[in-house]
Structure formats: C-alpha cells, structure tokens
Amino acid sequence: EEEEEEEEEDAGNREGRVGILRVTVNRAVNVRKADNTKQPQPVCVAQISGQKFVTAAPVDKTNKPLWDETFLFFNVSDRDAVSLTLCDGGERGEFLGECKVDMRKITRDMQLSDMFHLEGVKNNAQIFAQFKFSYLG
C-alpha cells in the first residue's frame, strides 16, 4: 500500500506541469457528411494549449482518410485536453466530428494509442491517433 501512495503523490506533484506532446493522426473510418450523399475530403485539426495543426486533405474524397501525420506541441499543460476535429476540405469546412482527449489519460503512461469515437455526429465515425508526452526539465 505504501508504494501505491508514493505513486499517487508523484502523480500529484506533476499537476500543472508542462511538456512536449507528440500527436500522430493516423486515419479515420466511417466519416460522413451530414447529407450523406457525397464523400467528404476530410482534414483533421489538432489543437491544444492555444496551438493548432491541420493535416493535408486527401487527394481523393473518401470516408476513410489516411493521413499518418505527426505534430509537436510545446509547453502543453498536463491539465489540458487535446481536441481532434474533422472538417471537410479544410479547417473551415463542414464539421465531420470531434474527440477530446484529457491529458491525464495520456500522462498516466506518458503515451496513448487508440481509436476514438467522434462526437457531435450521428454516425459511427472514429479516428485512430497516438499521443506521446514528455515533461520539460
């Protein structure tokens, strides 16, 4: 029991600390436009701590885009949350879904790799992404 308490204390000491977050946006599946008649040309907008990156749009319209793009975010607070938002054709295009990942889930093992359900849309769209976090100093 003492070891568990020490680990909890260590984790508590990290609250509010900053570090570098590496986000890899791999792919998405079941991405649909609201009218469901045309295929989208999805981009993913990754945002955290006032920083934003946008993946390139796929050359062809598709409901299962493959990006495999990695972005580095600096001075990220371990109390923040990263959002991945899909839009059609560019960051100002039609909303195609979003997921938010709390940094506490990532800092638990300092990395996280999973398929995340996209909220805000009436379909089963999902995005596969990987997160890796390192504390500064």
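All figures in this text were calculated on a predicted structure; none of them were measured in a lab.

A. Representation of the sheet that holds strand S2 (residues 42–48) within the structure. Strand order in the open sheet made by the 4 strands is S3-S2-S5-S6, with antiparallel pairing throughout. Strand pairing shows two members of the sheet lacking a second neighbour, strand S3 (51–54) and strand S6 (95–102), which therefore form its edges. The mean inter-strand angle of the sheet, taken between neighbouring strand axes irrespective of direction, is 15°. Here S2 pairs with S3 via 4 bridges, running antiparallel.

B. Quick look at the nonpolar core. Counting 28 residues, the largest nonpolar core has Leu-21, Leu-84, Leu-86, Ile-127 and Phe-131 as the members making the most contacts within it. When residues of this core are assigned to their parent elements, the largest contribution, 5 residues, is made by strand S8 (residues 126–135). The contacts of Phe-131, once residues within four sequence positions are left out, are Leu-21, Arg-22, Val-23, Val-82, Leu-84, Val-101, Ile-106, Met-110, Gln-111, Leu-112 and Phe-116.

C. Examining the packing of aromatic side chains more closely. Inspection of the entire model under this criterion finds 4 aromatic pairs. Look at Phe-53 and Phe-73: their rings are 5.0 Å apart centre to centre, the planes differ by 75°, and that puts the pair in the edge-to-face class. Here Phe-73 lies in strand S4 (residues 66–77) and Phe-53 lies in strand S3, a separation of 20 residues in the sequence. What makes Phe-53 partly exposed here is its relative accessible area of 29%. Taken together, a centroid distance of 5.0 Å and an interplanar angle of 85° make the contact between Phe-133 and Tyr-135 edge-to-face. Grouping residues by exposure puts Phe-133 and Tyr-135 together as buried. What links up through ring pairs into an aromatic cluster is the set Phe-53, Phe-71 and Phe-73. Above the ring of Tyr-135, the side-chain terminus of Arg-17 is found at 4.3 Å from the ring centroid.

D. Spatial organisation of unusual backbone geometry. Positive phi outside glycine occurs at Asn-30, with the angle close to 60°. Position of Asn-30 among the secondary structure elements: in the loop between strand S1 (18–29) and S2. Of note, Ser-49 is a non-glycine position whose phi angle comes to about 50°, a positive value. Tracing the backbone through its elements, the reader meets Ser-49 in the loop between S2 and S3. With relative accessibility at 29%, the residue Ser-49 sits in the partly exposed group.

Conventions adopted
- Residues numbered from 1 in each chain as written.
- Predicted model: local features only at pLDDT ≥ 70, side-chain atom pairs only at ≥ 80, totals over all residues.
- Heavy atoms only, no water.
- Pairing = 2+ DSSP bridges.
- Helix = DSSP H or I, 4+ residues; strand = E, 2+ residues; numbered from the N terminus.
- Axes fitted to C-alpha atoms, helices over the stretch in contact; angles between N-to-C directions.
- Core = buried A, V, L, I, M, F, W, Y, C linked by side-chain atoms within 4.5 Å.
- Buried < 20%, exposed > 50% of the residue type's maximum accessible area, 1.4 Å probe, protein only.
- Contact = heavy atoms within 4.5 Å.
- Phe/Tyr/Trp six-rings, centres within 6.5 Å; stacked < 30°, edge-to-face > 60°.
- Lys NZ or Arg CZ within 6 Å of the ring centre and 35° of its normal.

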